[in-house]
Amino acid sequence: MQDALNESSFGALRKAQRILDRTHVDSDDEEESDGSSSTEGQQLDDTTDEESKPEDEVRVKGPKKAATIAARKSKHAPTESTSKRPVSRHRTVVEMKKMEVRDPRFSQLSGEFDANKFQNQYNFLPDIRQGELATLRDSLKRARKLLTSSPRHLRPEREAEAERLALAVKRAESSVNRDKRERVERDALTAVTKEERNKRQTGKKAFWLKNAEKKKLLLKARYDAVAAEGGKKAVKKVIEKKRRKQSQKETKSRPFSRVTESASTPMPQQSRKRKVSGDHDGPARKHPKSA
């Protein structure tokens, strides 16, 4: 018996202990003493059978697995579903194809994008943007004038309105400047293309601008347009602004911070130098004698 207990698993011993405790409680009741003895023997027989089986064959009680549904004989046959789950009220009576939303701007059916054709068809947009810019500037001027004479309880609201109009003016100005820049660049490229086409008619071979030459041509065209509007001072102002912006980018891209940079810079020399004893007429400072 001791060898059998040593070889049995911990689960079987625990189950036997529970059964013994239950039979001990039942034995206290005199009315059900006979029935309890019979059940005890039956349960002990079950435990001994489980103890005699190897550990792999002992079944562990757990949640029951759902019954597997047999596969369909044909793909056209209806699908079988379990009857233990409630049926949804929403049912698909007729299967509809999912509609795919397509953007015509990026569809091959619409053809390739042509910048010149687009500008010719929508050449009225720059005029509309200039009108919007003039309207926003007038509104901003009116809002700032109203802000100066506004009472204290209305000042925060009117300040927010003035800031909103200022941001709108900046956005409109950038849009107008972009339209002007694109128009100047487009005119410069059109002039070069027309000149090259005329040269080909006289017998010249085909030639295309490189990216570097194209960049120089566009930069020269922009500066010429600025000089035509504001003169040489406007060109200098644009160049200075570009240099300042580039220097700020280089400063931000440095690997060290501004604190270390200021600490590494040498301190300026003091204008007043300390006089050495003996160079002046006054009495020399006496040093304390060491004890």
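This text goes with the structure placed above it.
Note that the structure is predicted; figures quoted are calculated from it, not measured. Think of each chain on its own: its residues are numbered from 1, step by step along the sequence as written. Owing to the predicted nature of the model, reporting of local features is limited to residues with pLDDT of at least 70; listing and counting of side-chain atom pairs is limited to 80 or more, with chain, interface and lining totals taken over all residues. Side-chain numbers come from the whole structure's heavy atoms, not from hydrogens or water.

Draft legend 1. Region of interest: the overall build of the chain. Secondary structure counts use DSSP, requiring at least four H or I residues in a row for a helix and at least two E residues in a row for a strand, with both numbered from the N terminus. Helices and strands together make up the secondary structure of the chain, namely nine helices and zero strands. Each helix (α) and strand (β) of the chain, taken in turn from the N terminus, gives the series α-α-α-α-α-α-α-α-α. The buried share of the chain, reckoned over its 291 residues, is 10%. In the form shown here, the chain has an accessible surface area of approximately 28,200 Å², with 52% of it arising from carbon and sulfur atoms. Exposure categories follow from relative accessible area, calculated using a 1.4 Å probe and restricted to protein chains: below 20% of the type maximum is buried, above 50% is exposed, and the middle band is partly exposed. Surface accessibility in these figures is a Shrake-Rupley result with a 1.4 Å probe; residues are shielded only by whichever protein chains are displayed.

Draft legend 2. Representation of the pattern of salt bridges in the model. Whenever a carboxyl oxygen of Asp or Glu lies within 4 Å of a side-chain nitrogen of Lys or Arg, that contact is scored as a salt bridge. Counted by the stated rule, this structure contains eight salt bridges. Here glutamate 195 and lysine 199 are joined by a salt bridge, their closest N and O atoms 3.6 Å apart. Residue glutamate 195 and its partner lysine 199 are both found in helix 6 (residues 155-201); the two are separated by four residues, about one turn of the helix. On the basis of relative accessibility, which here comes to 46%, the residue glutamate 195 falls in the partly exposed class. Owing to a relative accessible area of 34%, lysine 199 belongs among the partly exposed residues under this scheme. Residue lysine 220 is joined to aspartate 224 by a salt bridge in which the shortest nitrogen-to-oxygen separation is 3.2 Å. Taken together, the residues span about one helical turn, with lysine 220 and aspartate 224 both in helix 7 (residues 211-230) at a distance of four residues.

Draft legend 3. Geometry of the nonpolar core. If you look at the biggest cluster of nonpolar residues, it comprises eight residues: Leu133, Leu140, Ala143, Leu165, Ala166, Val169, Ala172 and Val176. Of all the secondary-structure elements, those providing two or more residues to this core are helix 5 (125-148) and helix 6. Residues within four places of leucine 140 in sequence aside, it is in contact with Ala162, Leu165, Ala166 and Val169. We call a set of buried Ala, Val, Leu, Ile, Met, Phe, Trp, Tyr and Cys residues a nonpolar core when their side-chain atoms join them within 4.5 Å. Whether two residues are in contact is decided by their heavy atoms, any of which lying within 4.5 Å being enough.

Draft legend 4. Region of interest: the packing of aromatic side chains. Between the rings of Phe, Tyr and Trp (Trp by its six-membered ring), a pair exists once the centres lie within 6.5 Å; its type follows the angle of the planes, with under 30 degrees stacked, over 60 edge-to-face, and the other angles tilted. A complete count under the given rule lists two aromatic pairs for this structure. Here the aromatic rings of phenylalanine 118 and tyrosine 122 are separated by 4.8 Å at their centres, their planes lie at 35°, and the arrangement is tilted. Taking the relative accessible area as the measure of exposure, phenylalanine 118 reaches 35% and is therefore partly exposed. Relative accessible area serves as the criterion here: at 37%, tyrosine 122 is assigned to the partly exposed category. With a centroid separation of 6.1 Å and 45° between ring planes, the pair formed by tyrosine 122 and phenylalanine 124 is classed as tilted. By relative accessible area, which is 39% here, phenylalanine 124 ends up partly exposed. Over a ring means this: the NZ of a Lys or the CZ of an Arg is within 6 Å of the ring centre and within 35 degrees of the ring normal. Positioned above the aromatic ring of tryptophan 208, the side-chain terminus of arginine 200 is 5.2 Å from the ring centre.

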